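If you want the building blocks of each chain, they are given just below.
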Amino acid sequence: MKRLFFLISIFSFVHLANIQAQITEEGPINLSDPEEFSYLEPKDYEIGGIKVTGAEYLDTDVLITISKLVVGQYINVPSEETANVVKVLMAQNLFENVQLYADRIVDETIYFDIRVTERPRLSHIELNGLKKSMRDDIQKKLDASSGKIVNENLLKTTKNTIEKELRKKSFLYPDIEIKTVKDSAEVNNEILVVDVDRNKKIKVQKVNFSGNEVFSDRKLTKWLKGVRPKRWWRIFGPGKFKDEKYEEAKENLISTLHDKGYRDAEIIKDTITRYSDKRIEIDLDIYEGPQYYVGDISWTGNSRYTDSVLNIILGIEKGDVFSEEKLNTKLQGPTRNSDDLGALYQNDGYLTFSVNPVIKKIYNDTIDLEVQIYEGKQYTINRVLLRGNDITNDRVVLRSIYTKPGQKYSRELIMRSIREISQLGMFDEEAIEPDIPQSTMDHEKGTTDIVFNVKEKPSDQVELSGGYGAGQVIGTLGLTFNNFSTSNFFKKDAWKPLPRGDGQKLSLRGQTSGKRYQSYSFSFMEPWLGGKKPVNFGISAYTSNSSYGGFDYYTGRQMVEDSELSRIWMTGVTVSLGKRLQWPDNYFQINSSLSFQRYKLQKYPSYFLFSDGTAYNINFTQEISRNSVDAPIYPTSGSHIRLSLQVTPPYSAWNNLNYDTAPEQEKFKWTEYHKWKFDSQWYAKIAGKLVLKTQAQFGYLGNYTNRTETSTFERFKLGGDGMQGFDFLQGSEIIAMRGYMNGTIIPETTGDQDQNVAISSGSPIYTKYQLELRHPIMLNEQATVYMMAFAEAGNTWNKFSEVNPFKLRRSAGIGARIFLPIFGMLGIDYGHAFDPIPGLPESQWKQNFTFSILQDLGGF
């Protein structure tokens, strides 16, 4: 036995000596090759050194770490350990080939050489079969892969990325083929060529439900909002399938079931199967569970209000269907909600109020609740600060808001303050954000600061517009400064280009077509006269003149002498004073104005009660209004109601004039009338961002006595786009009604010979109703864009005995509005008039286009 052991030892020593000699004479030995290094005769060596050859882009130190070879460590060579070096490196999917060599052996020390052949790198990806816009979007997602190793993982990631992006566009089943091509421009680089066939966009054919016992498939499909299966009555077919909408739809379905009291309801399994090349079928397995009801409700932590008061505010009683959503809404609803428990406390100063409903017991189908309240302290406002108002003075904003230092904190007043800041028209409505900095809250004293963060938007404007009508081109130039400052008028540094920051409004406007028509106006408004109370003061003046006939229709050249022209001159000035009221509530405002107007006619056609002479109009207007709309550009809630009365002195009561025999210039020298107007607009959210606007208008122009005829000035012209322009010279008020031509809705009792007169001068009585559905496309500082569908009805009459509120001219249509700070409001409507006007062309679709250019002057 000893002899056998001796012979084996001698043999091993000689063999290893031969190996060392072989390494020395023939170079490194591949330990992965059994012909060069036999696994039958392994030996322990100390690792003296490790190197990596062939790695051009990868960190060799990292590769040595991955190999788990450590200098100074003893290793059995050859063995499973040496074999694992190759395995673990190949598993990284970075190499075409890996080999482990014994570079040299010195006595009991071995030096390793890890030889690798790197896989090619990706130079770029070529996408074929997609439209440019889609290709560019997907290419941006794939560009990050450039320079990476081309392996199966990269190919899979590339395909998944393309499929994911196409799926967002409803292409659920694309065909994608990927192949690699060597890049001749780069060594060891390849190009991925991806051929994509998107196939058809996928829509939902039908949704199948299983497991539902209480609710029908139809009900569940209705609550699966965002997924629109095929229905015969859907004109445009089913909606496109999108994963995001599908997930939202499932959440909405379960949320609705929970709201119905089925708090255990869930979707056990959902499956999407391909129905056809462009349709899918959805299967939903539903668990409804039992319906739960509210049991006993107890309150803890409340000292300010009794349980009975809190129960009234909560509005949930024992035996009601249990709805977690309703419970949370009534306890701490949305910020704008005013009838929840949170509003009750936070409007009373309890800034840190919180509430937590806890389910105390569930038995059978009944749930007992305990509502845990933390009231905290009542906080008062220490300071009210503004941030972001770079142009507008602090006092202009602070005087408008309802949160004042020393008051108790009130969530309702903060929301009202946001509305008032928005109504100023100088700040981006979407960017008004109230903030209560934690650093300003003194918990011991119960005080806090409130910061209103605002963002100025362009407000000063120049108006440029043009139009063609009555054979003439009419151009308009207007300057409107909505944030003017008279207090800085004499400060040289404030002229940039005009003094701004006091919230005053200055407007200058001119409109002309040359000699035939000219109109110039000026107005100024101070919203806070004296700066201490919300009393507004305004003054305006205008002058205009127009000639009728005597000009060539095509060239505009005057054909007769000035004295032979039919002309009308109008001049006027108005002074107004208004005040915000506190009763019945602080949304009310009262305005009073005094106006003087002068009309001079020269051989003017018989549109008025006289054709030559001068008439004067001195009138007093009293208006009361209530405006609670939440935003001036795109209102979503609130109302705007106005009632006004305009009167002139009853000259006929004391002038002892015989109106049957007196000359026209004497009879109509002093215009007399009383004018009543009512306008109400209501805004309400219907669903999501869809807003319904309803409007009702009424106007009546009357005379004091039968001895005088109804004034032909100050009448109402119904129909058209409602833009006040050339018609202003007729002394009429323009009322829009889309689908009809301007001013063409005239009383049915108007004779054929008086039709043109009625269209030109207007009618003394009108009424109009409007329904308008609006949906926003974009709401931000740069632009406000919304679409609309409308239905309108209205009519005019000559006297009250003719009024029939059920006999109206009707129209309907669609339109769009775009508000851009640099352009103002742009609008286009297509309306169809359903009821023809006698003597005019048959009703048809009519386009009304509103266009003005409003350029911000702040950068001049």
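**Q** Could you give an account of the overall build of the protein chain, with specific residues and numbers?
**A** Check the secondary structure of the protein chain and you find 14 helices and 36 strands. In the protein chain, the share of contacts with a sequence separation of at least 24, taken over all contacts with a separation of at least 6, comes to 62%. Accessible surface computed for the protein chain: about 45100 Å², of which carbon and sulfur atoms make up 53%.

**Q** Before we move on, can you summarise the pattern of salt bridges with the specific residues and values?
**A** Evaluated as defined, the whole model comprises 33 salt bridges. As a salt-bridge pair, Asp-103 and Lys-51 come within 3.9 Å of each other at their nearest N and O atoms. One end of the pair, Asp-103, is in strand S4 (residues 95-106); the other, Lys-51, is in strand S2 (residues 43-53), and 52 residues separate them in sequence. Residue classification places Lys-51 among the partly exposed positions, given a relative accessible area of 39%. With a shortest N-O distance of 2.5 Å, Glu-420 and Arg-419 are connected by a salt bridge. Like Glu-420, the residue Arg-419 is buried in the burial classification. Three or more residues joined by partner-sharing salt bridges are found here, namely Arg-738, Lys-768, Glu-772, Arg-774, Glu-792, Arg-817 and Asp-829.

**Q** Which residues make up the environment of Gln-622, and what values do they have?
**A** The residue Gln-622 is located in strand S25 (residues 613-627) in this model. A relative accessible area of 27% means that Gln-622 is categorised as partly exposed. For the pair Gln-622 and Val-647, spaced 25 residues apart in sequence, the C-alpha to C-alpha distance is 8.7 Å. In this structure, Gln-622 is in contact with Ile-590, Asn-591, Ser-592, Leu-643, Ser-644 and Leu-645, ignoring residues within four places of it in sequence. Among the polar contacts listed, one links the side chain of Gln-622 to the side chain of Ser-592, at a separation of 2.9 Å.

**Q** I'd like a rundown of the packing of helix H4 (residues 132-142) against helix H5 (residues 152-168), residues and numbers included.
**A** Packing of H4 against H5 brings their axes to within 10 Å, and their N-to-C directions diverge by 140°. Relative to H5, the element H4 is oriented oblique. Between H4 and H5 lies a crossing of right-handed hand. Packed against H4, whose contacting residues are Met-134, Ile-138, Lys-141 and Leu-142, the element H5 presents Thr-158, Thr-161, Ile-162, Glu-165 and Leu-166 at the interface.

**Q** Lay out the nonpolar core in plain terms, naming residues and giving numbers.
**A** Ile-282 and Leu-284 are the most contacted members of the largest nonpolar core, which totals 22 residues. Where this core is concerned, the elements lending two or more residues are strand S9 (203-210), helix H6 (217-223), helix H7 (243-259) and strand S11 (279-287). A total of five residues in this core trace back to one element, the largest contributor, which is H7. The residues touching Leu-284, leaving out its near neighbours within four places in the chain, are Val-207, Asn-208, Phe-209, Ser-210, Leu-224, Tyr-246, Lys-250, Leu-253, Ile-267, Lys-269 and Asp-270. In this structure, Ile-50, Val-52, Ile-75 and Val-85 belong to the second largest nonpolar core, which totals 21 residues.

Each value, and the rule that gives it
- Residues numbered from 1 in each chain as written.
- Predicted model: local features only at pLDDT ≥ 70, side-chain atom pairs only at ≥ 80, totals over all residues.
- Heavy atoms only, no water.
- Helix = DSSP H or I, 4+ residues; strand = E, 2+ residues; numbered from the N terminus.
- Contact = heavy atoms within 4.5 Å.
- Areas by Shrake-Rupley, 256 points an atom, 1.4 Å probe, with all protein chains shown as cover.
- Salt bridge = Lys/Arg side-chain N within 4 Å of Asp/Glu carboxyl O.
- Buried < 20%, exposed > 50% of the residue type's maximum accessible area, 1.4 Å probe, protein only.
- Polar contact = N/O pair within 3.5 Å; in protein donor to acceptor, adjacent residues only side chain to side chain.
- Axes fitted to C-alpha atoms, helices over the stretch in contact; angles between N-to-C directions.
- Parallel < 35°, antiparallel > 145°, perpendicular 65-115°, else oblique.
- Left-handed = near helix turned anticlockwise from the far one by under 90°.
- Core = buried A, V, L, I, M, F, W, Y, C linked by side-chain atoms within 4.5 Å.

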